[in-house]
Amino acid sequence: MHNVKRIPVYLGMAALLVLMLAGCGRSGQKKLIVFHAGSLSVPLEAISKAYMESHPGVKVLLEGAGSRECARKIAELGKDCDVFASADYTVIEELLIPDHATWYINFASNEMCIAYTEKSRFHDSINAANWISILSRPDVLYGRSDPDLDPCGYRTVLSLKLSEDHYRLPGFAGHMLDKDNAYIRPKETDLLALLESHAIDYIFIYRSVAMQHGLKYILLPDSVNLGDPGQQMYYAGVSVDVSGKRSGEVITKTGEAMIYGLTIPLDAPEYEIALGFVDFMLGPQGMKIMEEMGQASVIPDCSKHYVQIPEILKQYAKDCD
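Our subject in this report is the structure included herewith. Residue indices begin from 1 for each chain and proceed along its sequence in written order. For a predicted model such as this one, the threshold for reporting local features is a pLDDT of at least 70, and the threshold for listing and counting side-chain atom pairs is 80 or more; totals across whole chains, interfaces and linings nevertheless cover every residue. Remark: hydrogens and water are excluded; side-chain values derive from all non-hydrogen atoms of the structure.

This part covers the overall build of the protein chain. The numbering of helices and of strands both runs from the N terminus, where a helix is a DSSP run of H or I of at least 4 residues and a strand a run of E of at least 2. Along the backbone of the protein chain there are 13 helices and 14 strands. Counting all 321 residues of the protein chain, 48% fall into the buried class. In the protein chain, the share of contacts with a sequence separation of at least 24, taken over all contacts with a separation of at least 6, comes to 73%. Computed by Shrake-Rupley with a 1.4 Å probe, the accessible areas treat only the displayed protein chains as cover when residues are assessed. Roughly 15,100 Å² of accessible area belongs to the protein chain as shown, and the carbon and sulfur atoms make up 55% of that amount. Neither His nor the chain ends is counted toward charge; the positive residues are Lys and Arg and the negative residues Asp and Glu. Where a charge lies is defined by one atom per residue type, namely NZ (Lys), CZ (Arg), CG (Asp) and CD (Glu). Mean positive and mean negative side-chain charge positions of the protein chain (30 and 41 charges, respectively) differ by 7 Å. Each residue gets one of three labels from its accessible area relative to the maximum for its type: buried under 20%, exposed over 50%, partly exposed in between, using a 1.4 Å probe on protein chains only. Contacts were defined at the residue level, with two residues in contact if any of their heavy atoms lie within 4.5 Å.

Structure below.
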């Protein structure tokens, strides 16, 4: 007959109690839902990790998509969202204010570039002087994101139009916009898989994303890359139409230097926690991470909605009215 060691009842009960308490701890965590531009995926993952280490009672749930798609999830689908970080502050202005948000804070900048890998056709000869002739070739494939869903998509169109003017190449933008449309994707980070699998050779993308993913990239002139506030008047010479709030409505996007913005929607389920998270994100630790990831801070920047900004967050903006 086998000797069976019996676990004392009190030890079994203690183990059960530990498991129950652990389960309560997990279920007791507050969930903070953050909708964000795809280009913010890497820095926000790092910022969220740092935030949760000092706030163990909060679980940050990140959901990346094109910024315009994110805004539509809030405005049209009624999805819960506590913080929305957009690659373009005007997305908040045009699609959320005043019905779903009343303010935003501008926090970072970026610029357009052309990214590629060592497997890209002509990777060993492309440079800032010849990229137009190489990308125009029929045997070279390039990708871009959807202008109706993603700011990087309409910024690509604007950059192509600026390139046509800068390099004095009539018809260039139209040629490129008619080319390789099979490789348009909902957001700019969706293009990375196409590039890394060698389905395409080049992508128009933000410099920060190219840096974060270790890609090779071509820097574009300041008059083309939408990254220089000093070029605002020049950028404003081009525009592109995108879909508006309602079906059939059109919004004309005029060229301007790119600025990221964020807000807390009016119906945020965890409004108070969202305030704390945004305070952390825009504070020294959060913005240090952002800048290390290739996105320069613009804090504090002007806000025409300064009065509506919560008191704890006013320090990150300026009243310029």
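After presenting the structure, the write-up continues.
What follows deals with the side chain of lysine 253. Among the structural elements, lysine 253 can be located in strand S11 (residues 250-254). Engagement of the side chain of lysine 253 in a polar contact is seen with the side chain of glutamate 94, the distance being 3.1 Å. The contact partners of lysine 253, leaving out residues within four places of it in the chain, are Asp88, Thr90, Glu94, Tyr154, Leu158, Val238, Ser239, Val240 and Val242. In protein, a polar contact requires one atom able to donate a hydrogen and another able to accept it; more generally it is a pair of N or O atoms within 3.5 Å, and residues adjacent in sequence count only if both atoms are side-chain atoms.

Glancing now at the sheet that holds strand S8 (residues 202-206). Strands qualify as paired when DSSP identifies two bridges or more between them. Strand order across the open sheet formed by 5 strands is S7-S6-S8-S5-S9, with mixed pairing between neighbours. Every interior strand has two partners, whereas the edge strands, strand S7 (184-185) and strand S9 (216-219), have only one. Geometry is summarised by axes, namely lines fitted to C-alpha atoms with helices restricted to the contacting stretch, and by angles between N-to-C directions that run from 0 to 180 degrees. Against the sheet, helix H6 (residues 151-166) makes contact with strand S5 (112-116), strand S6 (142-145) and S8, and its axis sits at roughly 110° relative to S8, the strand it touches most.

Attention shifts here to the state of the cysteines. When the sulfur atoms of two cysteines come within 2.5 Å, that pair is taken as a disulfide. A full pass over the atoms with the stated rule returns 1 disulfide. Each sulfur in the disulfide pair cysteine 302 and cysteine 320 lies 1.9 Å from the other. As the torsion about the S-S bond is roughly -80°, the cysteine 302-cysteine 320 disulfide counts as left-handed. Of this pair, cysteine 302 sits in strand S13 (residues 301-303) while cysteine 320 sits in the segment after strand S14 (317-319), and the two are 18 residues apart along the sequence. The closest cysteine sulfur to the non-disulfide-bonded cysteine 70 is located on cysteine 81, 7.6 Å from its own sulfur. Not part of a disulfide, cysteine 113 finds its nearest cysteine sulfur in cysteine 152, a span of 8.8 Å.

The next point concerns helix H3 (residues 67-75). By the criterion of burial, H3 is predominantly enclosed, with 7 of the 9 residues buried. All of the buried residues in H3 are Ser67, Arg68, Cys70, Ala71, Arg72, Lys73 and Ile74.

Another aspect to go through is the sheet that holds strand S3 (residues 83-86). Strands sit in the order S2-S1-S3-S12-S4 across an open sheet of 5 strands; the sheet is mixed. Each edge of the open sheet is held by one strand with a lone partner, namely strand S2 (58-65) and strand S4 (105-109). The mean angle between the axes of side-by-side strands here comes to 20°, regardless of whether they run parallel or antiparallel. With 8 bridges connecting them, strand S1 (residues 30-37) and S2 associate as parallel partners.

This brings us to unusual backbone geometry. Across the junction of isoleucine 97 and proline 98, the peptide omega takes the value 5°, indicating a cis bond. The topology assignment puts proline 98 in the loop between helix H4 (89-95) and S4. Of note, the phi angle at leucine 226 is positive, near 60°, even though the residue is not glycine. Within the secondary structure, leucine 226 is located in the loop between helix H10 (222-225) and helix H11 (232-235).

In this section: the packing of aromatic side chains. Here the aromatic set is Phe, Tyr and Trp, taking the six-membered ring for Trp, and pairing holds for ring centres within 6.5 Å; pairs whose planes are under 30 degrees apart are stacked, those over 60 apart are edge-to-face, and all others are tilted. A complete count under the given rule lists 10 aromatic pairs for this structure. Measuring from ring centre to ring centre gives 6.2 Å for tryptophan 131 and tyrosine 167, while their planes differ by 80°; the resulting arrangement is edge-to-face. Taken together, the residues span a long stretch of sequence, with tryptophan 131 in helix H5 (residues 131-135) and tyrosine 167 in the loop between H6 and helix H7 (172-178) at a distance of 36 residues. Under the relative-accessibility criterion, tryptophan 131 is labelled buried at 1%. Centroid distance tryptophan 131 to phenylalanine 172: 6.0 Å. Interplanar angle 75°. Geometry classified as edge-to-face. On the criterion of sequence distance, the pair formed by tryptophan 131 in helix H5 and phenylalanine 172 in helix H7 is long-range, its members being 41 residues apart. Each member of the aromatic cluster is reached from another via a ring pair, and the members are Trp131, Tyr142, Tyr167, Phe172 and Phe204.

The next point concerns the environment of leucine 191. Along the chain, leucine 191 falls in helix H8 (residues 191-196). The class for leucine 191 is buried, based on a relative accessible area of 0%. Sequence separation of leucine 191 and arginine 144 is 47 residues, and the distance between their C-alpha atoms is 7.1 Å.

This part takes up the nonpolar core. In terms of nonpolar packing, the biggest core is built from 101 residues, with Phe84, Phe107, Trp131, Leu135 and Met281 touching the most fellow members. Ranked by residue count, the leading element in this core is helix H12 (residues 271-282), at 8 residues. With residues up to four places along the chain from it excluded, the contact list for leucine 135 reads Ile114, Ile126, Val140, Tyr142, Met176, Lys179, Tyr202 and Phe204. Here, nonpolar core refers to any group of buried Ala, Val, Leu, Ile, Met, Phe, Trp, Tyr and Cys residues whose side-chain atoms link them within 4.5 Å.

Everything listed is a geometric property; what it means functionally is a separate question.
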